[in-house]
Amino acid sequence: MAHWTVSLDELRTLIAANAGRDDLPIDGLFLSMTERVTAPTPLLTGPVAALVAQGAKRAVLGDRTYDYRAGQYLVVSVDLPVTGNYTQADSAEPFLGVGLMLEPAAIAALLLETEHRDRVARAAAHPGIAVSDASAELLDATVRMLRLLDRPADVPVLAPLIKKEILWRLVTGPQGAMVRQIGLADSSLTHVGRAIRWIRANHTETLRIEELARLARMSPTSFHRHFRAVTAMTPIQYQKRIRLHEARLLLVDRTHDVATVGYLVGYDSTSQFSREYRRQFGVPPGRDAERLRRSTA
């Protein structure tokens, strides 16, 4: 426990010292620091592991809520539209976090090298998001990764080795089954992921469950069950979240009015678009656009 505490203390120091940098030399690494509690904000997240060193954060996916705080990490295994916010942060003790993008190819290579494969990968789909306590070994590897930020000459040689160690701690940790599925070509998660990527790339198109099921190499019934297990929503609900997220990004651009934005993301009815937008974000699209433009001015 003492080693765990020391690692967490050093991790806080390293994040605070480097969070403002825009030139992090390690691919896929990102740092977070904020001094205030924030309102829930919709965002799209891909495969990632995010570790909290200080403060607390919340992620909401469908009807599932995930709270994680200092010494815990969140794993996301597939592209998901979540709502996130910082729930514990102030100027005296800001939120401090570190994240690492999870690359399927790197996980696949690790599984092949170690023969640590999941033989029942297709038997059941794991939720696409989970929270666990960080082990002392995971914390130690993360600290050593951040120490490299002050030693750029060491990064090309040592960063890949430490990344591999971090992946190993995740693969063999409490959420190992979910992380392993990211790298398994024949896993349920991989098959659902193909459908998710299609929806994201073609969110304006009409969904046909039978076609998505074929893309996922599943029966329609099995696909629907696995999709909901991973994303906590149906394919149609997922598409709606993607459309509304894309609409919010377009609304920041002053060249688009509300009706045009609704059409561009796949809505034929402006009233339906405005109604669903307000239900998702709490305010009508026009008013939200004004607020977003002020915040980015």
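Residues numbered from 1 in each chain as written. Predicted model: local features only at pLDDT ≥ 70, side-chain atom pairs only at ≥ 80, totals over all residues. Heavy atoms only, no water.

With that out of the way, let us pick up the packing of aromatic side chains. All told, the structure shown has 6 aromatic pairs when counted by the stated rule. Judged by centre distance (5.7 Å) and plane angle (90°), the rings of Phe 227 and Tyr 238 are edge-to-face. Here the residue Phe 227 occupies a position in helix α8 (residues 220-231), and Tyr 238 occupies one in helix α9 (residues 235-251), the gap between them amounting to 11 residues. Here the two residues Phe 227 and Tyr 238 agree in accessibility, since each one is buried. In textbook terms, an aromatic cluster arises when at least three aromatic residues are bridged by ring pairs, as seen for Tyr 267, Phe 273, Tyr 277 and Phe 281. When the ring centre of Tyr 267 is taken as origin, the NZ or CZ atom of Arg 243, which lies over that ring, is 5.6 Å away. Across from the ring centre of Phe 281, 4.5 Å away, lies the NZ or CZ of Arg 248, which sits over that ring. (Phe/Tyr/Trp six-rings, centres within 6.5 Å; stacked < 30°, edge-to-face > 60°. Helix = DSSP H or I, 4+ residues; strand = E, 2+ residues; numbered from the N terminus. Buried < 20%, exposed > 50% of the residue type's maximum accessible area, 1.4 Å probe, protein only. Lys NZ or Arg CZ within 6 Å of the ring centre and 35° of its normal.)

To continue, consider empty space enclosed by the protein. Overall, the coordinates contain 2 cavities of 30 Å³ or more when judged by the stated rule. The space that makes up the largest cavity amounts to roughly 140 Å³. Sorting the residues of the lining of the largest cavity by element identifies β3 (48-54), β8 (95-101), α3 (136-147) and α4 (155-171) as the ones contributing at least two each. In the lining of the largest cavity, the residues fall into 12 nonpolar, 2 polar and no charged. Its volume calculated, the second largest cavity comes out at about 60 Å³. In terms of residue count, strand β7 (residues 80-88) provides more of the lining of the second largest cavity than any other element does, 3 residues in total. Considering only residue class, the lining of the second largest cavity consists of 5 nonpolar, 3 polar and 1 charged. (1 Å grid on protein atoms, 1.4 Å probe; cavity = no way out; pocket = protein on both sides within 12 Å on 5 of 7 lines; lining within 4 Å. Points joined across faces, edges and corners; volume = space filled by probe spheres on them. Nonpolar A, V, L, I, M, F, W, Y, C, P; charged D, E, K, R; others polar.)

Let us now look at the sheet that holds strand β2 (residues 41-45). Across a sheet, strands are paired by hydrogen bonds formed along the backbone, either parallel or antiparallel in direction. One open sheet holds the 4 strands; their spatial order is β2-β7-β4-β5, and the pairing between them is antiparallel. Of all strands in the sheet, those bounded by a partner on one side alone are β2 and β5 (64-69). Pairs of neighbouring strands in the sheet enclose a mean axial angle of 30°, with direction left out of account. Strands in contact with α8 are β4 (56-61), β5 and β7; relative to β5, the strand with the most contacts, it is inclined by about 35°. (Pairing = 2+ DSSP bridges. Axes fitted to C-alpha atoms, helices over the stretch in contact; angles between N-to-C directions. Contact = heavy atoms within 4.5 Å.)

What follows deals with the environment of Leu 184. Checked against the element boundaries, Leu 184 lands in the loop between α5 (176-183) and α6 (188-201). C-alpha separation for the pair Leu 184 and Leu 112, spaced 72 residues apart in sequence, amounts to 9.7 Å.

Turning to the pattern of salt bridges, a few remarks are in order. Evaluated as defined, the whole model comprises 12 salt bridges. In this structure, Arg 200 and Asp 79 form a salt bridge, with 3.2 Å as the shortest nitrogen-oxygen distance. Residue Arg 200 is located in helix α6, and its partner Asp 79 is located in the loop between β6 (72-76) and β7; the two are separated by 121 residues in the primary sequence. A relative accessible area of 30% places Arg 200 in the partly exposed class. Judged by its relative accessible area of 18%, Asp 79 falls in the buried class. Across the pair Asp 288 and Arg 248 runs a salt bridge whose closest N-O atoms are separated by 2.9 Å. (Salt bridge = Lys/Arg side-chain N within 4 Å of Asp/Glu carboxyl O.)

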